[in-house]
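In case you want the letters, here they are:
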Amino acid sequence: MQHIDTMNTERRVPVEPDFWLLIFGDLTVFSVMFIAFMLRRFESAETHAVFSMGAESLNQPIGLTNTLILLTSSYAVVLALSHYRSGDLRRMIRSIGIAIVCGLGFVCLKIVEYTEKINQGITVTEDRFFELYFTFTGIHLLHVVIGICLLTTVAYRTFVKKHDAFSTPGFIEGVACYWHMIDLLWLMLFSLFYLLG
Amino acid sequence: MIVTNSKRQYSIVFGVLVLITLGAASLTEVTLLPVFAKHGVLECILITLAAVKIIMIAEYFMELHDAPRWLRGTMLTWVATTTVVLVGIVGFNSQIY
């Protein structure tokens, strides 16, 4: 408990400092993508209209549901980390399980959305909006899949009580941080693609 | 006790995040503000709301409120820079289109 108190009161770097290089590298790449999206949107009156129509044709309820799903998963991950620190590994695994289910739900809804678009004959080559939509959300989806794999690894290693590099506090905090990064990137993607139309 | 307080804090943050998300989504359905929408105000509000949510996740879920200044500052700089550039592009171009 003294250890937990120390962790909560002192200014400390959450996760290994090197890990933040990965996080900020990813965030920088995505911010360039966000800016590229916005610049393309206002390239001409024609692209502005194409982007508005593209956004309106997206399935907004699915986008909103996916946002709420990712927020819930982030909440579950933060609770899992809290349980881990208090030594309640059973609850930690349960919370990670909820986050994994949410992540899988996100992936399923994204596949439904992509399938819906492809069935309508809309692909990555449709127009500039969908070129960016499929590229950016596809890259984000890849991050989600990687995140699910990492969460599964953490849950499994904790369940079998295997002590290795994948069950250290640093790695578990890193996976949690990575998952939150996925969440916050989606929040901006959701606003740009689904709401700005 | 610290752990319990933290859990309560996480729940409050989660609730606020959900409320902002639903609020932002419902803002796009509001037809009472077409003038704002035409001038890009609504777009700026939506981008800013997304930035607020990102800061909340970074501060509370990624635990940057306890982190050293350099780390917290780097994250806040990233959020602020991205938001200002996006809002700036909208603000500048909404005068044209």
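Attention here is on the structure that accompanies the text.

Calculation notes
Residues numbered from 1 in each chain as written. Chains lettered and ligands numbered in written order. Predicted model: local features only at pLDDT ≥ 70, side-chain atom pairs only at ≥ 80, totals over all residues. Axes fitted to C-alpha atoms, helices over the stretch in contact; angles between N-to-C directions. Helix = DSSP H or I, 4+ residues; strand = E, 2+ residues; numbered from the N terminus. Parallel < 35°, antiparallel > 145°, perpendicular 65-115°, else oblique. Left-handed = near helix turned anticlockwise from the far one by under 90°. Contact = placed C-beta atoms within 7 Å. Nonpolar A, V, L, I, M, F, W, Y, C, P; charged D, E, K, R; others polar. Buried ≥ 20, exposed ≤ 12 C-beta atoms within 10 Å, placed from the backbone. Expected span 1.5 Å × (residues − 1). Core = buried A, V, L, I, M, F, W, Y, C linked by C-beta atoms within 7 Å.

Residues and elements named next belong to chain A. Following both chains from N to C, one finds helix H5 (residues 89–119) and helix H6 (residues 128–159) inclined at 155°, their axes separated by 9 Å at the closest point. Judged on the interaxial angle alone, H6 and H5 are roughly antiparallel. Here H5 and H6 pass one another in a crossing that is left-handed. Residue-level contacts link Leu89, Met92, Ile93, Ile96, Gly97, Ala99, Ile100, Gly103, Leu104, Phe106, Val107 and Lys110 of H5 to Thr137, Leu141, Val144, Val145, Gly147, Ile148, Leu151, Thr152, Val154, Ala155, Thr158 and Phe159 of H6. Residues that form the contact of H5 with H6 fall into these classes: 17 nonpolar, six polar and one charged.

Chain B puts 36 residues into the contact, and the matching count from chain A is 38 residues. Among the elements of the structure, helix H1 (2–27), helix H3 (41–61) and helix H4 (69–93) of chain B are those that each provide at least two residues to the side of chain B that touches chain A. If you tally residues by element for the side of chain B that touches chain A, the top one is H1(B), at 11 residues.

The next point concerns the environment of Arg40(A). All names here are of chain A. Looking at where arginine 40 falls in the secondary structure, it is placed in helix H2 (residues 17–41). Taking the number of C-beta atoms within 10 Å as the measure of exposure, arginine 40 has 17 and is therefore partly exposed. A sequence separation of 89 residues divides arginine 40 from phenylalanine 129, and the C-alpha atoms of the two residues are 8.5 Å apart. Apart from residues no more than four positions distant in its own chain, arginine 40 is found in contact with Thr47, Arg128 and Leu132.

A few words now on helix H4 (residues 60–85) of chain A. Side chains that are three or four residues apart share a direction in an α-helix, a result of its 3.6 residues per turn. Over its 26 residues, H4(A) runs 38 Å from end to end, which matches the ideal 38 Å to within 8%, given 1.5 Å per residue. One or two steps after H4(A), the chain reaches Gly87(A), where phi turns positive at roughly 85°.

Take the nonpolar core next. Formed by 81 residues in total, the largest nonpolar core has its most connected members in Ala80(A), Ala99(A), Leu151(A) and Ile54(B). The greatest single-element share of this core, amounting to 19 residues, is contributed by helix H7 (residues 169–195) of chain A. Setting aside chain neighbours within four positions, we find Ile54(B) in contact with Leu184(A), Leu187(A), Met188(A) and Val79(B).

Okay, the packing of H4(A) against H5(A) next. Residue and element names in this part refer to chain A. Between H4 and H5, the least distance of the axes is 8 Å, while the angle of their chain directions is 165°. Taken together, the axis directions place H4 and H5 in an arrangement best described as roughly antiparallel. As H4 runs across H5, the sense of the crossing is left-handed. A class-by-class count of the residues in the contact of H4 with H5 yields 17 nonpolar, eight polar and three charged.

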